[in-house]
Amino acid sequence: MSVIVTATASVNIAVIKYWGKRDEELILPLNDSISATLDTNVMCARTSVCARPDIEENEMYLNGIKTSFDNKRLQTCLNKIKAIATLQKVVDKEFLSWNVRICSENNFPTAAGLASSAAGYACLVTALAKLYKIESDISQLARLGSGSACRSVFGGFVRWHAGGKCDGSDSTASQIVQSTHWPEMRVLVLVVADKKKHTSSSIGMKRSVESSELLKYRVEHCVPRRVDEMINAIKGKDFQRFAELTMKDSNQFHAVCLDSYPPFHYLTNVSYKIIDVIHKYNEICKETRVAYTFDAGPNACLFLLEKDVPEVLSLIKYIFPSPNTDYVRGLDVPKAEEENTFETFPIQPMEENKLQYLIYTKVGDGPEIHYDG
Ligand code: DP6
């Protein structure tokens with residue numbers, strides 16, 4: 001006798017960043033944040049949870065490798081969901097006493113530092129909630145695993161409301177628009193070749209909360225206005241406004257990291273090169289056609305409209321030449337109407353290959369349950 005549920009959930013990329021907690025246990029943020037959930041087919045986590053009477057202790061497998069279950073956030077999610085199931089009396093006591101085997105894998109390399117915990121926890125709680133048949137706000141449960149995960153429980157563009165209550169009951173995500181709202185929107189993830197171990201988000205944000213004056217200013221004066229403007233830009237499909245806000249917010253987040261004491265940083269010379277290239281390109285185009293954003297690592301995530309993809313890809317291939325044949329992964333890239341040459345582009349290409357690969361994707365839907373047996 002066993003019950004297995006499998007779910008998939010996608011990575012989300014914040015355009016207004018979450019940085020700083022007001023409660024570390026409950027993972028409550030200082031400010032609202034906004035993100036886009038990416039296409040499930042290109043970058044997602046898939047998690048199966050299996051409950052059986054003969055599993056001796058809870059087990060966790062990550063990409064096929066057995067890993068310790070001794071992880072506070074993982075246990076919090078499982079215990080909370082079991083507690084809700086007990087209260088809601090939706091499954092019998094014996095079933096709740098069985099141990100679980102959790103198998104989670106990503107269809108993209110976790111080492112690339114690409115928000116894999118957000119997809120992972122969104123997926124895990126979706127599968128566990130289904131397994132234990134609970135009716136509850138999945139986003140609040142995902143938040144207990146990793147803050148940004150609460151946004152991956154919806155597709156399209158999503159807002160995480162910081163909330164103000166001490167118990168976190170109003171710190172939850174909601175959808176701003178569905179994935180179909182802005183069908184021309186595309187995303188290019190530039191995976192920077194980099195082996196450095198970075199300060200984890202949790203440690204970094206703790207240090208910023210303790211020491212950065214810029215973070216206080218950001219939370220009070222910048223984010224509330226930016227959130228309203230970003231929602232208007234998304235609803236009105238105003239790419240210029242969307243792009244400018246996205247870049248400014250990413251830059252402010254990285255400025256906060258430097259304003260923290262001792263400072264830490266995630267951007268490398270390759271990241272800065274990408275920033276310079278995008279601004280120069282937008283300047284030459286006389287309009288903002290591409291926006292960049294960076295999370296807690298050197299990889300860039302570019303937002304752009306489908307019509308501009310062939311030219312921007314040619315530009316990136318010119319600046320970051322690579323011998324890799326599978327340099328561009330993900331969705332099929334639209335064909336260029338004419339061959340672009342960037343010989344006269346004012347920024348020189350990098351001599352060494354500094355990008356591992358590029359992922360071409362779009363905005364996608366929320367989690368899916370695959371089978372339920
Ligand atoms: C820079 O959600 O990974 O990606 O809540 O401690 O698990 P924890 O942090 P996490 O932080 C993400 C930070 C960010 C910005 C964002 O996604 O909003």
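Residues numbered from 1 in each chain as written. Predicted model: local features only at pLDDT ≥ 70, side-chain atom pairs only at ≥ 80, totals over all residues. Heavy atoms only, no water.

Close contacts around the ligand come from 17 residues, with Tyr 18, Arg 73, Ser 146, Ser 148 and Ser 202 the closest. In this structure, Ser 202 approaches the ligand through a side-chain N or O atom, which is 2.7 Å from an oxygen atom. Within the complex, the protein chains bury 92% of what would otherwise be the 460 Å² of accessible surface of the ligand. Each residue belonging to the shell around the ligand can be placed in one class, and the counts come to 7 nonpolar, 5 polar and 5 charged. (Near = heavy atom within 4 Å. Polar contact = N/O pair within 3.5 Å; in protein donor to acceptor, adjacent residues only side chain to side chain. Areas by Shrake-Rupley, 256 points an atom, 1.4 Å probe, with all protein chains shown as cover. Nonpolar A, V, L, I, M, F, W, Y, C, P; charged D, E, K, R; others polar.)

The next subject is the sheet that holds strand S2 (residues 12-16). Strand order in the open sheet made by the 4 strands is S2-S5-S10-S11, with antiparallel pairing throughout. Of all strands in the sheet, those bounded by a partner on one side alone are S2 and strand S11 (173-177). Within this sheet the neighbouring strands show an average axis-to-axis angle of 35 degrees, counted without direction. Two elements, strand S5 (residues 33-37) and strand S10 (residues 157-160), share 4 bridges in a ladder whose sense is antiparallel. Note that in S10 the partner of Ser 33 across the bridge is Trp 160. Against the sheet, helix H6 (residues 213-235) engages S2, S5, S10 and S11, with an angle of about 115 degrees to S2. Taken strand by strand, helix H7 (residues 239-259) contacts S2 and S10, and its axis lies near 95 degrees from that of S2. (Pairing = 2+ DSSP bridges. Helix = DSSP H or I, 4+ residues; strand = E, 2+ residues; numbered from the N terminus. Axes fitted to C-alpha atoms, helices over the stretch in contact; angles between N-to-C directions. Contact = heavy atoms within 4.5 Å.)

This paragraph deals with the sheet that holds strand S15 (residues 328-330). Spatially, 5 strands are ordered S13-S14-S12-S16-S15 in an open sheet, and the strand pairing comes out mixed. Looking along the sheet, the strands with just one partner apiece sit at the ends: strand S13 (290-294) and S15. Across this sheet, the average inter-strand angle for adjacent strands is 25 degrees, counted without regard to direction. Here S13 pairs with strand S14 (residues 300-305) via 5 bridges, running antiparallel. When the sheet's bridge partners are listed, Ala 291 is paired in S14 with Phe 303. Contacts between helix H8 (residues 269-285) and the sheet are confined to strand S12 (185-192), S13, S14 and strand S16 (355-362), with S13 contributing the most and set at about 160 degrees to the helix. Each of S12, S13, S14, S15 and S16 is contacted by helix H9 (residues 309-319), which is oriented at about 10 degrees to S12, the strand it contacts most.

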